[in-house]
Amino acid sequence: MTFYINQPDGVFPSVCSLDCPDQCGLLIHKENGKIVKVEGDPNHPVTKGNICNKVRNMPARIHDENRLKYPMKRTGAKGEGLFERISWEEAIQTITSRWKELIDSDGPESILPYSFYGNMGNLTAEGMDRRFFHRLGATRLDRTICSAAGGVGYQYTMGGSYGIDPEDTIHSKLIIFWGINAVSTNMHQIALAQQARKQNGAKIVVIDVHKNQTAKFADWFIPIIPGTDSALALGMMHILYKENMVDNAFLKEYTVGYEELRDHVVQYDPETVSKITGVPVDDIYTLARMYGGTSPSYIRIGNGPQHHDNGGMCIRTISCLPALTGQWLVKGGGAIKGNSGYLAHDAHYLQRPDLLKNKKTRRVNMNRIGEALLALDPPIKSLYIYSSNPAVVAPEGNKVRKGLLHEDLFVVVHDLFLTETAKYADIILPATSSYENTDFYTSYWHHYVQIQQPVIEPCGESKSNVDVFKLLAKGMGYHESAFEETEAEMIAKSLDYSRNPYLEGITYESLVEKQYVKANMKPLFPGRLKTPSGKIELYSKVMEKAGHPPLPTYIPLQDDGDLPFLFIPAPNHSFLNSTFSNNEKHRGLEKEPLLHMNVADAVERDIQDGEIVRVWNHRGECELKVSVGENVLPGVAATQGLWQHLDGTKQLVNTLTPDRLSDMGGGAVFFSGRVNIAKR
Ligand SMILES: Nc1nc2c(c(=O)[nH]1)N[C@H]1C(S)=C(S)[C@@H](COP(=O)(O)OP(=O)(O)OC[C@H]3O[C@@H](n4cnc5c(=O)[nH]c(N)nc54)[C@H](O)[C@@H]3O)O[C@H]1N2
Ligand SMILES: Nc1nc2c(c(=O)[nH]1)N[C@H]1C(S)=C(S)[C@@H](COP(=O)(O)OP(=O)(O)OC[C@H]3O[C@@H](n4cnc5c(=O)[nH]c(N)nc54)[C@H](O)[C@@H]3O)O[C@H]1N2
Ligand code: SF4
Ligand SMILES: [Mo]
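Residues numbered from 1 in each chain as written. Chains lettered and ligands numbered in written order. Predicted model: local features only at pLDDT ≥ 70, side-chain atom pairs only at ≥ 80, totals over all residues. Heavy atoms only, no water.

(A) Region of interest: empty space enclosed by the protein. Evaluation of the coordinates by the stated rule reveals one cavity of 30 Å³ or more. By volume, the largest cavity is sized at about 130 Å³. Looking at the lining of the largest cavity, the elements with two or more residues in it are helix H1 (53–56), helix H7 (182–185) and helix H8 (187–200). Of the residues in the lining of the largest cavity, the class split is ten nonpolar, five polar and two charged. A domain split of the lining of the largest cavity shows at least three residues from each of domain 1 (10–62) and domain 3 (163–337 + 525–545). (1 Å grid on protein atoms, 1.4 Å probe; cavity = no way out; pocket = protein on both sides within 12 Å on 5 of 7 lines; lining within 4 Å. Points joined across faces, edges and corners; volume = space filled by probe spheres on them. Helix = DSSP H or I, 4+ residues; strand = E, 2+ residues; numbered from the N terminus. Nonpolar A, V, L, I, M, F, W, Y, C, P; charged D, E, K, R; others polar. Domains from an automatic or database assignment.)

(B) Summary view of the sheet that holds strand E19 (residues 448–452). The sheet built from three strands is open, its strands ordered E18-E19-E20 with antiparallel pairing. Whereas interior strands pair on both sides, the edge strands pair on one side only; in this sheet they are strand E18 (439–442) and strand E20 (516–518). When the angles between neighbouring strand axes are averaged without regard to direction, this sheet yields 20 degrees. With three bridges joining them, E19 and E20 adopt antiparallel strand pairing. Bridging across to E20, Val449 finds its partner in Val517. Across the face of the sheet, helix H22 (residues 487–495) comes into contact with E18 and E19 while running at roughly 30 degrees to E18. (Pairing = 2+ DSSP bridges. Axes fitted to C-alpha atoms, helices over the stretch in contact; angles between N-to-C directions. Contact = heavy atoms within 4.5 Å.)

(C) Broad picture of the environment of His406. As for its position among the elements, His406 is in the loop between helix H20 (397–404) and strand E16 (410–415). His406 sits in the partly exposed class, given a relative accessible area of 36%. Along the sequence, His406 and Pro501 sit 95 residues apart, while their C-alpha atoms lie 48 Å from each other. When sequence neighbours within four positions are dropped, the list of residues in contact with His406 reads Lys78 and Leu373. (Buried < 20%, exposed > 50% of the residue type's maximum accessible area, 1.4 Å probe, protein only.)

(D) Geometry of the packing of aromatic side chains. Evaluated as defined, the whole model comprises 22 aromatic pairs. Ring pairs connect the aromatic residues Trp99, Phe132, Phe133, Tyr384, Tyr386, Phe469, Tyr478 and Phe483, which therefore count as one cluster. Over the ring of Phe217 we find Arg197; its NZ or CZ atom is 4.5 Å from the centre of that ring. (Phe/Tyr/Trp six-rings, centres within 6.5 Å; stacked < 30°, edge-to-face > 60°. Lys NZ or Arg CZ within 6 Å of the ring centre and 35° of its normal.)

(E) Just the site of ligand 2, in detail. Taken together, 31 residues lie near ligand 2, and Asp415, Asn465, Pro569, Ser578 and Thr579 sit nearest. With respect to ligand 2, the backbone of Ser387 contributes an N or O atom lying 3.2 Å from a nitrogen atom. Val393 places a main-chain nitrogen or oxygen 2.9 Å from a nitrogen atom of ligand 2. Relative to its unbound accessible area of 920 Å², ligand 2 is 96% covered by the protein chains. (Near = heavy atom within 4 Å. Polar contact = N/O pair within 3.5 Å; in protein donor to acceptor, adjacent residues only side chain to side chain. Areas by Shrake-Rupley, 256 points an atom, 1.4 Å probe, with all protein chains shown as cover.)

(F) Representation of the pairing of E16 within the structure. For E16, the buried fraction is high: six of the six residues fall into the buried class. Here E16 shows no split at all, with Phe410, Val412 and His414 on one side and Val411, Val413 and Asp415 on the other all buried. Where E16 meets strand E17 (residues 427–430), four bridges bridge the pair, whose relative direction is parallel. Counted as the bridge partner of His414 is Leu429 from E17.

(G) Broad picture of the pattern of salt bridges. This structure, assessed with the given rule, holds 35 salt bridges. Between Asp426 and Lys78 there is a salt bridge; the shortest N-O distance is 2.9 Å. Here Asp426, found in the loop between E16 and E17, pairs with Lys78, found in the loop between strand E4 (72–74) and strand E5 (83–85); they are 348 residues apart in sequence, far enough to count as distant. With respect to class, Asp426 is no different from Lys78; both count as buried. Among the ionic pairs, Glu396 bridges to Lys399, the shortest N-O distance being 4.0 Å. On the basis of relative accessible area, Glu396 is assigned to the buried category, the value being 11%. (Salt bridge = Lys/Arg side-chain N within 4 Å of Asp/Glu carboxyl O.)

Purely spatial values, then, with no claim about function.
Structure representation (structure tokens):
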């Protein structure tokens, strides 16, 4: 396995580790032991040699002089950002002795891990770490910040994270990008759509609250009032039933509740839906008739609509549409919300929840991390943060940062950089980049499993998540063999998972040999879904039991006060969440965050294009440069990018976002907050 590392020069296959659906195949060019160029691997069947600009500029990040190179301990006041170098021995000794004391005095649940998918490698993101914290008996973290609400909503309809094969979407004749900024966030779906456009004359429709790059790529952009998408989908269903554009044979064979749904959607007539969504009545008819009359039609369901109070129900509702027109039986027809179900590996083996020994340890929802640090009783006394940057990405940012400053909280941060979060650490540990590790990757969009073998030596004294948790286990005196396994063993055993037939034949050896191996795909239909009925559940008894309306329904957003704007702080093109926002090169590409507002709102407030405005609510305040125009509807303010704090700037958008939980899955509601805007 040290094969690539041992060659100082060459070109080596790799995989992009970022939390991005495309999970590109890469070629890493190495000279004198350093990465000098990253390009797409033309042999990757889906990504085909094309990669985004942010990863083309990855060498600047990997060899950035600001990479953390050795462990450090805090020397100044909490949050001041003053640290001095220590050895790994001292770091591990400090952490484990503090944890042993805490376990004696307050119990293991006084310790909380906090992580997300800064590196999507399965061993890195949810392997040795989970084993370690299960063994310790720490408070458990519900990792809900990204797609929890939509995941649950989609599951109610479809039984799990199963959509169509994106490679089939070149056959589509209508492609709807619904609340996804795919030009920035799923660029190979755009490439496939472009191919469909060329070869089949496919029409591309974008439904969004912001006329962003994806909206500009569309043949038809439909602006919608935030949080109202389920009403639009229900209005489409109303017309599909009324005008006999539904596929009755499919509904009968493969769904439950299609008759109840027909009666239920009578109330969502286009006039009513237009008032809710802001979409003109004629456009609702045109969209429904286009959808009902075009085959294959494909909906790429994004993360935007589910980052709302009603996000779960919204995705549950949109995901009913392809069933109405029987599109699941057509190659290139159907939908993708996520596809992770196909590549599910043996999580029980990898994460070892049995090490908890049936202890019912408490759970903290990561979207409430600020609240948990400030108010949980008994309190959290130590927080171990890795592969995530909560001081920037978590909602109610002021609460989060106040919580991190607590004198009694012992904070450890493991990262590649001194992030906004790391500034609050008592101990900082340096992390390797994915190019320095062994791991395996399973895309949540395409159907390929991929392997990463280390290409370069670790930067300075940095260590992978797997290695750090092995050291911590040793320091804690844990002797289970789970903490001894090699990466190769862990990959092999995770993939040896007979409960998922799609993985059959995919082994560690086949990955080493081929780099990319496709799941054994077969179409979803004909077949049995993992819903209780085995069919698409247009009517869901499980939802009813959980207290939700059993049929798709429009539920308005929660009351967030009466400030005039709904605030939509989405990701941007050149960063990956907050990753890259601390790298010179990428900041330069992005220049600065803009706040888009409608010209009517700007005129009313005497705000000029290009000036810096104050954006605030009861949670906090930001200052952003305004872009006045028609990119958003009146009453909407959109910005992009999770910028780190720079001295003298107020650009931490999550200062303004609510930490309420969505209707399903305990998801985040980044886009359901209200703000006011005024001249500075
Ligand atoms: N370049 C880049 N790529 C990324 C990321 C990144 O930060 N940068 N992040 C990665 C991650 S972790 C994720 S989860 C994905 C997310 O990528 P996407 O699925 O694209 O999700 P978002 O960017 O959160 O939001 C998508 C769109 O939803 C719109 N939106 C907000 N509210 C509503 C609404 O109520 N209705 C409708 N119709 N639209 C709405 C926003 O304007 C935005 O254009 O991207 C991944 N890829
Ligand atoms: N306002 C607003 N907020 C949002 C969103 C939004 O749309 N709007 N999107 C949300 C979504 S969808 C998501 S997924 C979250 C993402 O939020 P995060 O999970 O915090 O993602 P990043 O900001 O990319 O931070 C990842 C961190 O992990 C570090 N890292 C990378 N690889 C490794 C490794 O191998 N080991 C260790 N120890 N560290 C590593 C990186 O250097 C980086 O600092 O943000 C959420 N926050
Ligand atoms: S961030 Fe996404 S598009 Fe860019 S290289 Fe990685 S997987 Fe590909
Ligand atoms: Mo995400």
